[in-house]
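In case you want the letters, here they are:
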Amino acid sequence: MTTDRPTTPADHHGPAHPEVIVLNGGSSAGKSGIARCLQALLPEPWLVTGVDALIESMPAALRESDGGLAITADGGVSVGEVFLELERAWMQGVAATVGAGARVVIDDVFLDGPVSQGNWRRALDGRNVLWVGVHCDAAVAADREVARGDRVAGMAAAQAELVHRGVVYDLDVDTTTATPMDCARLIAARAGGPGVGRRSSAV
C-alpha cells in the first residue's frame, strides 16, 4: 500500500517483533522524540541512529559542498556522490549491527522517496523491518523548526509531504496533534508484543 497521507495504524500490518524500526519523516516532524520514547517503552534495549548522526560524523567540508550535502537558503537539500557513497557504507554498518544481534531504530528523511527506501531495503535484506511514516502538518512542522532554531527556515515545509511520496509503510503516525509518546505507544504496540510499557517510567 502506497500512501501520500497519514492513515490509521489499523490499516497496516507490519512484523510483530521487528529487529529494525525505520522512522521516515520530514525535518521537525518529531522522529527523534518518538525514537527516545520507543527506547523507554520497548521491553528490549534498542539503539537509535539516524541521518543527522551520519551528517554530524562527516568532515565539516562535506556539509557544504556539491559532492557532499548542500542546503539552499530556502531549506532545499541536495546530496552529491561522496555523500551517497558514505551513506551506503553507513547503511551497511547499521545492517551489520543488526546482524550482530542489536535492535535498531533508524531516524531518516527519504529525500528521494521510494529510492531512499529501496536503499534501506537492500541494506537490510533478510531482516525483520517495521516501516513507519511520521507525518506532520507542514505549518506545524515549520513552527517547530523556528522554535528549535537549528534548521534552515523552509526545510520542514519543503519536506513534509515530499519524503512520503511513493513510500510504502506498515504503519503511519501523525505528530500534528499527537505527542511523541502517543505515537511511540502505537508503534510499540505493533512492535513489542507482551511486556510493552515495562520501562515507561524512564520517560
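Residues numbered from 1 in each chain as written. Predicted model: local features only at pLDDT ≥ 70, side-chain atom pairs only at ≥ 80, totals over all residues. Heavy atoms only, no water.

A.B. asks: Just to check I follow, could you spell out the overall build of the chain for this structure?
C.D. replies: Helix and strand counts for the chain come out as seven helices and seven strands. Scored against the burial criterion, the 203 residues of the chain give a buried share of 43%. Sequence-distant contacts, at least 24 apart, represent 78% of the contacts inside the chain between residues at least 6 apart. Of the roughly 9,600 Å² that the chain leaves accessible, carbon and sulfur atoms contribute 54%. (Helix = DSSP H or I, 4+ residues; strand = E, 2+ residues; numbered from the N terminus. Buried < 20%, exposed > 50% of the residue type's maximum accessible area, 1.4 Å probe, protein only. Contact = heavy atoms within 4.5 Å. Areas by Shrake-Rupley, 256 points an atom, 1.4 Å probe, with all protein chains shown as cover.)

A.B. asks: Whenever I open this one, the environment of Cys-136 confuses me. Can you help?
C.D. replies: As for its position among the elements, Cys-136 is in the loop between strand 6 (129-135) and helix 5 (138-148). In this structure the C-alpha to C-alpha distance between Cys-136 and Gly-25, which are 111 residues apart in sequence, comes to 8.1 Å. Ignoring any residue separated from it by four or fewer positions in sequence, one finds Cys-136 in contact with Ala-29, Ala-141, Arg-144, Ala-160, Asp-174, Thr-175 and Thr-176.

A.B. asks: How should I be thinking about the pattern of salt bridges in this particular structure?
C.D. replies: Side chains that differ in charge, positive against negative, can pair when their charged atoms come close. For the coordinates displayed, the defined rule picks out two salt bridges. Residue Glu-19 is joined to Arg-127 by a salt bridge in which the shortest nitrogen-to-oxygen separation is 3.3 Å. Of the two residues, Glu-19 sits in the segment before strand 1 (20-24) while Arg-127 sits in the loop between helix 4 (114-123) and strand 6, which places them 108 residues apart along the sequence. By relative accessible area, Glu-19 is classed as partly exposed at 23%. Linking Asp-107 and Lys-31 is a salt bridge whose minimum nitrogen-to-oxygen distance equals 3.8 Å. (Salt bridge = Lys/Arg side-chain N within 4 Å of Asp/Glu carboxyl O.)

A.B. asks: Can you walk me through the state of the cysteines in this structure?
C.D. replies: One way to say it: the disulfide is the covalent bond shared by the sulfur atoms of two cysteines. Here the structure, examined in full by the defined rule, presents zero disulfides. With no disulfide of its own, Cys-136 lies closest to Cys-183 among cysteine sulfurs, the gap being 9.4 Å. (Disulfide = S-S within 2.5 Å.)

A.B. asks: Mind showing me how you'd approach the pairing of strand 6 here?
C.D. replies: Each regular strand carries side chains that alternate between the two faces of the sheet. Across the seven residues of strand 6, seven count as buried, placing the element largely inside the fold. Alternating residues of strand 6 divide into Val-129, Trp-131, Gly-133 and His-135 and Leu-130, Val-132 and Val-134, and every residue in both groups is buried. Pairing geometry for strand 1 and strand 6, over five bridges, is parallel. Each bridged residue has a counterpart across the sheet, and for Val-22 the counterpart in strand 6 is Trp-131. (Pairing = 2+ DSSP bridges.)

A.B. asks: How do you make sense of the pairing of strand 5 (residues 103-108) when you look at a structure like this?
C.D. replies: Summarising burial for strand 5: five of the six residues are buried, a large majority. Pairing geometry for strand 1 and strand 5, over five bridges, is parallel. The residue of strand 5 that forms the bridge with Ile-21 is Val-105. For strand 2 (residues 46-50) and strand 5, the ladder comprises five bridges, and the chain directions are parallel. Directly across from Thr-49, in strand 5, lies its bridge partner Ile-106.

A.B. asks: For this particular structure, what's the right way to read the confidence of the model for the chain?
C.D. replies: Interpretation of this model should avoid reading the predicted coordinates in detail wherever pLDDT is low. Averaged over the chain, the pLDDT score is 84; the fraction of residues at 70 or greater is 77%. Residue range residues 1-11 is modelled with pLDDT below 50. Its contacts to residues more than four positions away, or to other chains, number 28 contacts. Low pLDDT (under 50) marks residues 194-203, which in the prediction has 22 contacts with non-local residues, meaning those over four places away or in another chain. (pLDDT = per-residue confidence, 0-100.)

A.B. asks: Which parts of the structure should I look at to understand unusual backbone geometry?
C.D. replies: For residues that are not glycine, phi is negative in most cases, and the peptide bond is trans in most cases. Phi is positive for Ser-28, close to 65°, though the residue is something other than glycine. Its place among the elements puts Ser-28 in the loop between strand 1 and helix 1 (31-41).

A.B. asks: Honestly, the packing of aromatic side chains in this entry has me stumped. Any pointers?
C.D. replies: Here a ring pair, both rings aromatic, is described through the centre-centre distance and the interplanar angle of the planes. Evaluation of the coordinates by the stated rule reveals one aromatic pair. Arranged with centres 5.3 Å apart and planes meeting at 70°, the rings of Trp-90 and Trp-120 form a pair that is edge-to-face. Of this pair, Trp-90 sits in helix 3 (residues 81-99) while Trp-120 sits in helix 4, and the two are 30 residues apart along the sequence. The pair formed by Trp-90 and Trp-120 is uniform in burial state, with each residue classed as buried. (Phe/Tyr/Trp six-rings, centres within 6.5 Å; stacked < 30°, edge-to-face > 60°.)

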